[in-house]
Amino acid sequence: MRKGSLKVKKSKEEKNNFEGKKIAVLIPCYNESKTIEKVVKDYKEVLPEADIYVYDNNSSDHTDEIAKKAGAIVKYEYRQGKGNVIRTMFRDIDADCYLMIDGDDTYPKENAREMCELVLNGKADMVIGDRLSSTYFTENKRPFHNFGNKIVRLLINKIFKNNIKDIMTGYRAFSYDFVKGFPVLSKGFEIETEMTIHAVDKNYKLVEIPVTYRDRPEGSESKLNTYSDGFKVLKTIATLFKEYRPSLFFNIIAFVFFILGIIIGLPAYIGYFQTGLVEKFPSLIVSCFAIMIALQLCITGIILQVIIKKQKQNYELYLNLMKNKLK
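(A) Structural view of the packing of helix 4 (residues 82-92) against helix 9 (residues 191-201). With their axes 9 Å apart at the nearest point, helix 4 and helix 9 run at an angle of 50° to one another. Between helix 4 and helix 9, the crossing angle belongs to the class labelled oblique. The residues of helix 9 that touch helix 4, namely those facing Lys82, Gly83 and Ile86, are Ile191, Glu192 and Met195. The residue makeup of the contact of helix 4 with helix 9, split by class, is three nonpolar, one polar and two charged.

(B) Inspection of the environment of Pro48 at higher detail. As for its placement among the helices and strands, Pro48 is situated in the loop between helix 2 (36-46) and strand 2 (51-56). Overall, Pro48 belongs to the exposed group, its relative accessible area being 60%. Separated by 25 residues in sequence, Pro48 and Ile23 have C-alpha atoms that sit 9.8 Å apart.

(C) Focus on the packing of aromatic side chains. Counted under the stated rule, the structure contains 13 aromatic pairs. With a centroid separation of 6.4 Å and an interplanar angle of 65°, the aromatic rings of Phe90 and Phe182 are classed as edge-to-face. Taken as a pair, Phe90 in helix 4 and Phe182 in the loop between helix 8 (176-181) and helix 9 lie far apart in primary sequence, 92 residues in all. Residue classification places Phe90 among the buried positions, given a relative accessible area of 3%. What links up through ring pairs into an aromatic cluster is the set Phe90, Tyr98, Phe174, Phe178, Phe182, Tyr204 and Tyr315. One cation-aromatic arrangement involves Arg131 over Tyr213; the distance from NZ or CZ to the ring centre is 5.9 Å. Over the aromatic face of Tyr315 sits the side chain of Lys202, whose NZ or CZ is 5.4 Å from the ring centroid.

(D) Inspection of the environment of Ala95 at higher detail. Positionally, Ala95 belongs in the loop between helix 4 and strand 4 (97-100). Residue Ala95 is classed as buried on the basis of its relative accessible area of 7%. Distance from Ala95 to Tyr176, taken between C-alpha atoms, is 6.4 Å for residues 81 residues apart in sequence. Each residue touching Ala95, except ones within four places of it in the same chain, is listed here: Lys22, Ala24 and Tyr176.

(E) Geometry of the pairing of strand 5 (residues 126-130). In terms of residue burial, strand 5 counts as a mostly covered element, since five of its five residues are buried. Taking every second residue as pointing to the same face, both faces of strand 5 are buried, with Met126, Ile128 and Asp130 on one and Val127 and Gly129 on the other. One ladder, built from three bridges, connects strand 5 with strand 6 (residues 172-175); its direction is antiparallel. What sits directly across from Val127, in strand 6, is Ala173. In this sheet, strand 7 (residues 206-210) lies alongside strand 5 in parallel orientation, the contact comprising five bridges. Bridge pairing in strand 7 links Gly129 to Ile209.

(F) How the structure looks around the side chain of Lys82. Structurally, the position occupied by Lys82 is in helix 4. On the basis of relative accessibility, which here comes to 10%, the residue Lys82 falls in the buried class. Within polar-contact distance, the side chain of Lys82 engages the side chain of Glu192 at 2.5 Å.

(G) Local environment of the sheet that holds strand 4. The strand order across the open sheet formed by seven strands is 3-2-1-4-6-5-7, and the pairing between neighbours is mixed. Two strands lie at the open edges of the sheet, namely strand 3 (73-76) and strand 7, each paired on one side alone. Adjacent strand axes in the sheet meet at a mean angle of 20° when their direction is disregarded. Pairing of strand 1 (residues 23-29) with strand 4, which is carried by four bridges, proceeds in the parallel orientation. Across the sheet, residue Val25 finds its bridge partner in strand 4, namely Leu99. Running at roughly 155° to strand 3, helix 3 (residues 63-70) makes contact with strand 1, strand 2 and strand 3 of the sheet.

(H) Region of the structure containing a nonpolar patch on the surface. Together, Phe255, Phe258, Ile259, Ile262, Ile263, Leu266 and Ile270 line one region of the surface with nonpolar side chains, adding up to about 620 Å² of accessible area. Counting through the fold element by element, Phe258 comes out in helix 11 (residues 246-275). Since its relative accessible area comes to 38%, Phe258 is described here as partly exposed.

Each value, and the rule that gives it
Residues numbered from 1 in each chain as written. Predicted model: local features only at pLDDT ≥ 70, side-chain atom pairs only at ≥ 80, totals over all residues. Heavy atoms only, no water. Axes fitted to C-alpha atoms, helices over the stretch in contact; angles between N-to-C directions. Helix = DSSP H or I, 4+ residues; strand = E, 2+ residues; numbered from the N terminus. Parallel < 35°, antiparallel > 145°, perpendicular 65-115°, else oblique. Contact = heavy atoms within 4.5 Å. Nonpolar A, V, L, I, M, F, W, Y, C, P; charged D, E, K, R; others polar. Buried < 20%, exposed > 50% of the residue type's maximum accessible area, 1.4 Å probe, protein only. Phe/Tyr/Trp six-rings, centres within 6.5 Å; stacked < 30°, edge-to-face > 60°. Lys NZ or Arg CZ within 6 Å of the ring centre and 35° of its normal. Pairing = 2+ DSSP bridges. Polar contact = N/O pair within 3.5 Å; in protein donor to acceptor, adjacent residues only side chain to side chain. Patch = residues over 30% accessible without salt bridge, like charges linked within 9 Å, V, L, I, M, F, W, Y side chains within 5 Å. Areas by Shrake-Rupley, 256 points an atom, 1.4 Å probe, with all protein chains shown as cover. Salt bridge = Lys/Arg side-chain N within 4 Å of Asp/Glu carboxyl O.

Shape is all these values report; function is a separate question.
So, in C-alpha coordinates, the structure goes:
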(Lines give C-alpha, C1' and ligand atoms only; values in the text may rest on other atoms or scores of the structure.)
Protein backbone atom coordinates (compact mmCIF):
# COMPACT_ATOMS: atom_id res chain seq x y z
CA MET A 1 0.00 0.00 0.00
CA ARG A 2 2.76 2.41 0.88
CA LYS A 3 4.53 1.85 -2.42
CA GLY A 4 1.30 2.37 -4.32
CA SER A 5 0.51 5.60 -2.51
CA LEU A 6 3.99 6.91 -3.31
CA LYS A 7 3.45 6.25 -7.00
CA VAL A 8 0.12 8.06 -6.98
CA LYS A 9 1.65 11.00 -5.18
CA LYS A 10 4.47 11.19 -7.70
CA SER A 11 2.09 11.16 -10.66
CA LYS A 12 0.01 13.96 -9.10
CA GLU A 13 3.12 16.07 -8.58
CA GLU A 14 4.19 15.38 -12.13
CA LYS A 15 0.77 16.41 -13.43
CA ASN A 16 0.93 19.65 -11.43
CA ASN A 17 4.38 20.42 -12.85
CA PHE A 18 3.08 20.21 -16.41
CA GLU A 19 -0.37 21.70 -15.84
CA GLY A 20 -0.71 25.16 -17.41
CA LYS A 21 2.81 25.02 -18.80
CA LYS A 22 3.68 25.29 -22.46
CA ILE A 23 6.16 22.71 -23.69
CA ALA A 24 7.70 22.87 -27.15
CA VAL A 25 9.46 19.90 -28.72
CA LEU A 26 11.92 21.21 -31.32
CA ILE A 27 13.06 18.92 -34.13
CA PRO A 28 15.48 20.39 -36.70
CA CYS A 29 15.31 18.23 -39.83
CA TYR A 30 17.14 17.73 -43.08
CA ASN A 31 16.16 14.68 -45.16
CA GLU A 32 14.86 12.51 -42.32
CA SER A 33 11.96 10.85 -44.14
CA LYS A 34 12.98 7.40 -42.86
CA THR A 35 12.58 8.29 -39.21
CA ILE A 36 10.61 11.51 -38.71
CA GLU A 37 7.18 9.88 -38.48
CA LYS A 38 8.30 7.60 -35.64
CA VAL A 39 10.05 10.47 -33.82
CA VAL A 40 6.99 12.73 -33.94
CA LYS A 41 4.62 9.97 -32.80
CA ASP A 42 6.97 8.87 -30.01
CA TYR A 43 7.16 12.34 -28.48
CA LYS A 44 3.44 12.97 -28.92
CA GLU A 45 2.94 9.81 -26.90
CA VAL A 46 5.22 10.72 -23.98
CA LEU A 47 4.42 14.46 -24.04
CA PRO A 48 0.78 14.71 -25.18
CA GLU A 49 0.51 18.27 -23.83
CA ALA A 50 3.46 19.49 -25.91
CA ASP A 51 3.53 21.19 -29.30
CA ILE A 52 5.80 19.27 -31.69
CA TYR A 53 7.64 21.58 -34.07
CA VAL A 54 9.52 20.23 -37.08
CA TYR A 55 11.68 22.82 -38.84
CA ASP A 56 12.50 21.58 -42.31
CA ASN A 57 15.91 22.71 -43.61
CA ASN A 58 15.55 22.33 -47.40
CA SER A 59 14.76 18.62 -47.36
CA SER A 60 14.25 16.96 -50.73
CA ASP A 61 12.71 13.69 -49.51
CA HIS A 62 9.27 14.95 -48.34
CA THR A 63 10.25 15.08 -44.67
CA ASP A 64 7.88 18.02 -44.16
CA GLU A 65 4.85 16.18 -45.61
CA ILE A 66 5.49 13.09 -43.50
CA ALA A 67 5.89 15.21 -40.36
CA LYS A 68 2.59 17.01 -41.01
CA LYS A 69 0.73 13.73 -41.42
CA ALA A 70 2.25 12.51 -38.15
CA GLY A 71 0.80 15.56 -36.35
CA ALA A 72 3.73 17.98 -36.16
CA ILE A 73 3.65 21.73 -36.68
CA VAL A 74 5.94 22.15 -39.68
CA LYS A 75 7.90 25.32 -40.34
CA TYR A 76 10.79 26.10 -42.68
CA GLU A 77 14.30 27.49 -42.46
CA TYR A 78 15.90 28.08 -45.87
CA ARG A 79 19.39 29.00 -44.64
CA GLN A 80 21.23 25.69 -44.58
CA GLY A 81 22.73 24.49 -41.30
CA LYS A 82 21.56 23.28 -37.90
CA GLY A 83 22.69 26.47 -36.19
CA ASN A 84 20.51 28.54 -38.53
CA VAL A 85 17.53 26.31 -37.78
CA ILE A 86 17.96 26.56 -34.02
CA ARG A 87 18.38 30.34 -34.23
CA THR A 88 14.99 30.62 -35.94
CA MET A 89 13.35 28.14 -33.54
CA PHE A 90 14.55 30.03 -30.48
CA ARG A 91 13.36 33.36 -31.89
CA ASP A 92 9.97 32.17 -33.11
CA ILE A 93 8.71 29.96 -30.30
CA ASP A 94 7.70 30.97 -26.77
CA ALA A 95 7.39 28.21 -24.18
CA ASP A 96 8.07 27.43 -20.53
CA CYS A 97 10.21 24.47 -21.50
CA TYR A 98 11.90 23.50 -24.76
CA LEU A 99 12.94 19.95 -25.59
CA MET A 100 15.35 19.68 -28.52
CA ILE A 101 15.91 16.37 -30.29
CA ASP A 102 17.23 15.20 -33.63
CA GLY A 103 14.91 13.73 -36.22
CA ASP A 104 17.04 10.62 -36.76
CA ASP A 105 15.48 8.43 -34.03
CA THR A 106 18.73 7.97 -32.13
CA TYR A 107 17.48 9.30 -28.76
CA PRO A 108 15.05 7.55 -26.39
CA LYS A 109 11.63 9.05 -25.74
CA GLU A 110 11.63 7.62 -22.20
CA ASN A 111 13.80 10.45 -20.82
CA ALA A 112 11.76 13.31 -22.30
CA ARG A 113 9.37 13.80 -19.41
CA GLU A 114 12.12 13.70 -16.79
CA MET A 115 14.15 16.28 -18.70
CA CYS A 116 11.20 18.65 -19.01
CA GLU A 117 10.31 18.19 -15.36
CA LEU A 118 13.81 19.26 -14.27
CA VAL A 119 13.40 22.50 -16.23
CA LEU A 120 9.83 23.19 -15.08
CA ASN A 121 10.81 22.57 -11.43
CA GLY A 122 13.52 25.20 -11.74
CA LYS A 123 16.28 22.66 -11.12
CA ALA A 124 17.93 23.24 -14.49
CA ASP A 125 18.23 25.82 -17.24
CA MET A 126 19.72 23.17 -19.51
CA VAL A 127 19.34 19.43 -19.21
CA ILE A 128 21.91 17.48 -21.22
CA GLY A 129 21.09 14.00 -22.49
CA ASP A 130 24.42 12.31 -21.86
CA ARG A 131 25.06 9.62 -24.50
CA LEU A 132 28.75 9.15 -23.82
CA SER A 133 28.22 7.65 -20.35
CA SER A 134 25.81 5.13 -21.79
CA THR A 135 25.72 3.25 -25.12
CA TYR A 136 27.21 5.75 -27.56
CA PHE A 137 30.64 4.20 -28.04
CA THR A 138 29.21 0.73 -28.66
CA GLU A 139 26.29 1.83 -30.84
CA ASN A 140 28.06 4.43 -32.97
CA LYS A 141 29.84 2.67 -35.84
CA ARG A 142 31.94 5.71 -36.82
CA PRO A 143 35.23 5.56 -34.87
CA PHE A 144 36.32 9.08 -35.84
CA HIS A 145 33.05 10.47 -34.43
CA ASN A 146 33.82 8.71 -31.14
CA PHE A 147 37.36 10.08 -31.12
CA GLY A 148 36.11 13.57 -31.98
CA ASN A 149 33.61 13.57 -29.11
CA LYS A 150 36.38 12.64 -26.67
CA ILE A 151 38.69 15.39 -27.96
CA VAL A 152 35.98 18.07 -27.81
CA ARG A 153 34.98 17.00 -24.29
CA LEU A 154 38.60 17.08 -23.10
CA LEU A 155 39.31 20.52 -24.61
CA ILE A 156 36.20 22.23 -23.28
CA ASN A 157 36.45 20.76 -19.80
CA LYS A 158 40.12 21.77 -19.54
CA ILE A 159 39.68 25.27 -20.97
CA PHE A 160 36.46 26.15 -19.16
CA LYS A 161 37.14 24.18 -15.96
CA ASN A 162 34.10 21.97 -16.01
CA ASN A 163 33.23 18.30 -16.08
CA ILE A 164 30.50 17.96 -18.69
CA LYS A 165 30.38 14.42 -20.01
CA ASP A 166 28.66 15.00 -23.37
CA ILE A 167 29.35 18.29 -25.12
CA MET A 168 27.82 17.60 -28.54
CA THR A 169 24.60 15.77 -27.76
CA GLY A 170 21.52 16.89 -29.68
CA TYR A 171 19.15 15.83 -26.87
CA ARG A 172 18.58 18.76 -24.51
CA ALA A 173 15.91 20.59 -22.56
CA PHE A 174 16.03 24.35 -21.98
CA SER A 175 14.36 26.98 -19.85
CA TYR A 176 12.77 30.10 -21.34
CA ASP A 177 15.56 32.24 -19.83
CA PHE A 178 18.29 30.27 -21.57
CA VAL A 179 16.58 30.17 -24.96
CA LYS A 180 15.79 33.88 -25.08
CA GLY A 181 19.17 34.88 -23.65
CA PHE A 182 21.32 32.73 -25.92
CA PRO A 183 22.90 34.60 -28.86
CA VAL A 184 23.20 31.94 -31.60
CA LEU A 185 26.25 32.62 -33.76
CA SER A 186 27.05 29.20 -35.24
CA LYS A 187 25.51 28.15 -38.53
CA GLY A 188 26.09 24.40 -38.49
CA PHE A 189 26.67 21.40 -36.24
CA GLU A 190 29.02 23.36 -33.98
CA ILE A 191 25.91 24.87 -32.36
CA GLU A 192 25.89 22.29 -29.53
CA THR A 193 29.44 23.23 -28.57
CA GLU A 194 28.51 26.92 -28.56
CA MET A 195 25.45 26.51 -26.35
CA THR A 196 27.38 24.33 -23.88
CA ILE A 197 30.16 26.90 -23.50
CA HIS A 198 27.61 29.72 -23.19
CA ALA A 199 25.77 27.87 -20.41
CA VAL A 200 29.00 27.18 -18.50
CA ASP A 201 30.31 30.74 -18.90
CA LYS A 202 27.04 32.39 -17.85
CA ASN A 203 26.63 30.10 -14.85
CA TYR A 204 23.33 28.53 -15.90
CA LYS A 205 22.09 25.53 -13.96
CA LEU A 206 23.18 22.42 -15.84
CA VAL A 207 22.00 18.88 -15.19
CA GLU A 208 23.18 15.81 -17.08
CA ILE A 209 21.22 12.58 -17.23
CA PRO A 210 22.51 9.42 -18.93
CA VAL A 211 20.43 8.42 -21.96
CA THR A 212 20.71 5.34 -24.13
CA TYR A 213 21.84 6.00 -27.69
CA ARG A 214 21.05 3.87 -30.70
CA ASP A 215 22.69 4.20 -34.08
CA ARG A 216 20.68 5.40 -37.06
CA PRO A 217 18.39 2.77 -38.61
CA GLU A 218 19.41 1.25 -41.92
CA GLY A 219 18.81 3.63 -44.84
CA SER A 220 19.18 6.77 -42.68
CA GLU A 221 22.40 8.68 -43.29
CA SER A 222 24.20 11.09 -40.98
CA LYS A 223 24.51 14.68 -42.22
CA LEU A 224 27.59 15.24 -40.06
CA ASN A 225 30.84 15.15 -42.03
CA THR A 226 33.55 13.75 -39.78
CA TYR A 227 36.38 15.91 -41.11
CA SER A 228 34.87 19.20 -42.31
CA ASP A 229 32.36 19.52 -39.45
CA GLY A 230 34.96 18.27 -36.97
CA PHE A 231 37.30 21.05 -38.10
CA LYS A 232 34.48 23.60 -37.72
CA VAL A 233 33.85 22.41 -34.15
CA LEU A 234 37.54 22.75 -33.25
CA LYS A 235 37.62 26.18 -34.87
CA THR A 236 34.55 27.16 -32.85
CA ILE A 237 36.23 26.02 -29.63
CA ALA A 238 39.29 28.13 -30.43
CA THR A 239 37.15 31.16 -31.27
CA LEU A 240 35.02 30.83 -28.14
CA PHE A 241 38.14 30.29 -26.04
CA LYS A 242 39.43 33.63 -27.32
CA GLU A 243 36.08 35.37 -26.79
CA TYR A 244 35.13 33.90 -23.39
CA ARG A 245 38.58 33.62 -21.76
CA PRO A 246 40.75 36.22 -23.57
CA SER A 247 43.23 36.66 -20.73
CA LEU A 248 44.27 33.00 -20.74
CA PHE A 249 44.13 32.79 -24.54
CA PHE A 250 46.43 35.77 -25.14
CA ASN A 251 48.71 34.89 -22.21
CA ILE A 252 49.41 31.48 -23.76
CA ILE A 253 50.41 33.11 -27.06
CA ALA A 254 52.38 35.79 -25.17
CA PHE A 255 54.28 33.08 -23.31
CA VAL A 256 55.22 31.42 -26.62
CA PHE A 257 56.55 34.71 -28.05
CA PHE A 258 58.41 35.48 -24.81
CA ILE A 259 60.17 32.08 -24.79
CA LEU A 260 60.91 32.45 -28.51
CA GLY A 261 62.42 35.89 -27.89
CA ILE A 262 64.63 34.59 -25.08
CA ILE A 263 65.85 31.63 -27.17
CA ILE A 264 66.66 33.80 -30.21
CA GLY A 265 68.40 36.47 -28.16
CA LEU A 266 70.26 34.13 -25.80
CA PRO A 267 73.51 34.01 -27.84
CA ALA A 268 73.61 37.83 -27.95
CA TYR A 269 72.98 38.08 -24.20
CA ILE A 270 75.65 35.47 -23.40
CA GLY A 271 78.17 37.20 -25.67
CA TYR A 272 77.48 40.55 -24.01
CA PHE A 273 78.01 39.22 -20.48
CA GLN A 274 81.19 37.43 -21.56
CA THR A 275 82.84 40.19 -23.62
CA GLY A 276 80.88 43.35 -22.92
CA LEU A 277 80.11 43.60 -26.64
CA VAL A 278 76.94 42.92 -28.62
CA GLU A 279 77.98 41.04 -31.75
CA LYS A 280 74.70 39.49 -32.95
CA PHE A 281 72.52 42.53 -33.56
CA PRO A 282 69.95 40.81 -35.87
CA SER A 283 69.25 38.15 -33.23
CA LEU A 284 68.97 40.82 -30.54
CA ILE A 285 66.54 42.91 -32.62
CA VAL A 286 64.32 39.90 -33.39
CA SER A 287 64.44 38.92 -29.73
CA CYS A 288 63.36 42.39 -28.60
CA PHE A 289 60.48 42.43 -31.10
CA ALA A 290 59.28 39.02 -29.91
CA ILE A 291 59.34 40.12 -26.26
CA MET A 292 57.53 43.37 -27.13
CA ILE A 293 54.82 41.37 -28.94
CA ALA A 294 54.50 39.13 -25.88
CA LEU A 295 54.01 42.20 -23.67
CA GLN A 296 51.38 43.66 -26.02
CA LEU A 297 49.51 40.35 -26.14
CA CYS A 298 49.50 40.15 -22.36
CA ILE A 299 48.09 43.69 -22.07
CA THR A 300 45.49 42.92 -24.75
CA GLY A 301 44.32 39.88 -22.77
CA ILE A 302 43.96 41.94 -19.58
CA ILE A 303 41.94 44.68 -21.34
CA LEU A 304 39.65 42.17 -23.06
CA GLN A 305 39.10 40.27 -19.80
CA VAL A 306 37.90 43.47 -18.15
CA ILE A 307 35.48 44.02 -21.08
CA ILE A 308 34.22 40.44 -20.77
CA LYS A 309 33.57 40.92 -17.06
CA LYS A 310 31.56 44.06 -17.81
CA GLN A 311 29.57 42.16 -20.46
CA LYS A 312 28.76 39.45 -17.90
CA GLN A 313 27.48 42.09 -15.52
CA ASN A 314 25.30 43.58 -18.28
CA TYR A 315 24.03 40.10 -19.19
CA GLU A 316 22.93 39.46 -15.60
CA LEU A 317 21.12 42.82 -15.58
CA TYR A 318 19.45 41.89 -18.87
CA LEU A 319 18.19 38.62 -17.37
CA ASN A 320 16.83 40.49 -14.35
CA LEU A 321 14.99 42.95 -16.61
CA MET A 322 13.57 40.11 -18.69
CA LYS A 323 12.25 38.35 -15.58
CA ASN A 324 10.70 41.55 -14.26
CA LYS A 325 8.88 42.07 -17.57
CA LEU A 326 7.47 38.56 -17.39
CA LYS A 327 6.12 39.25 -13.90
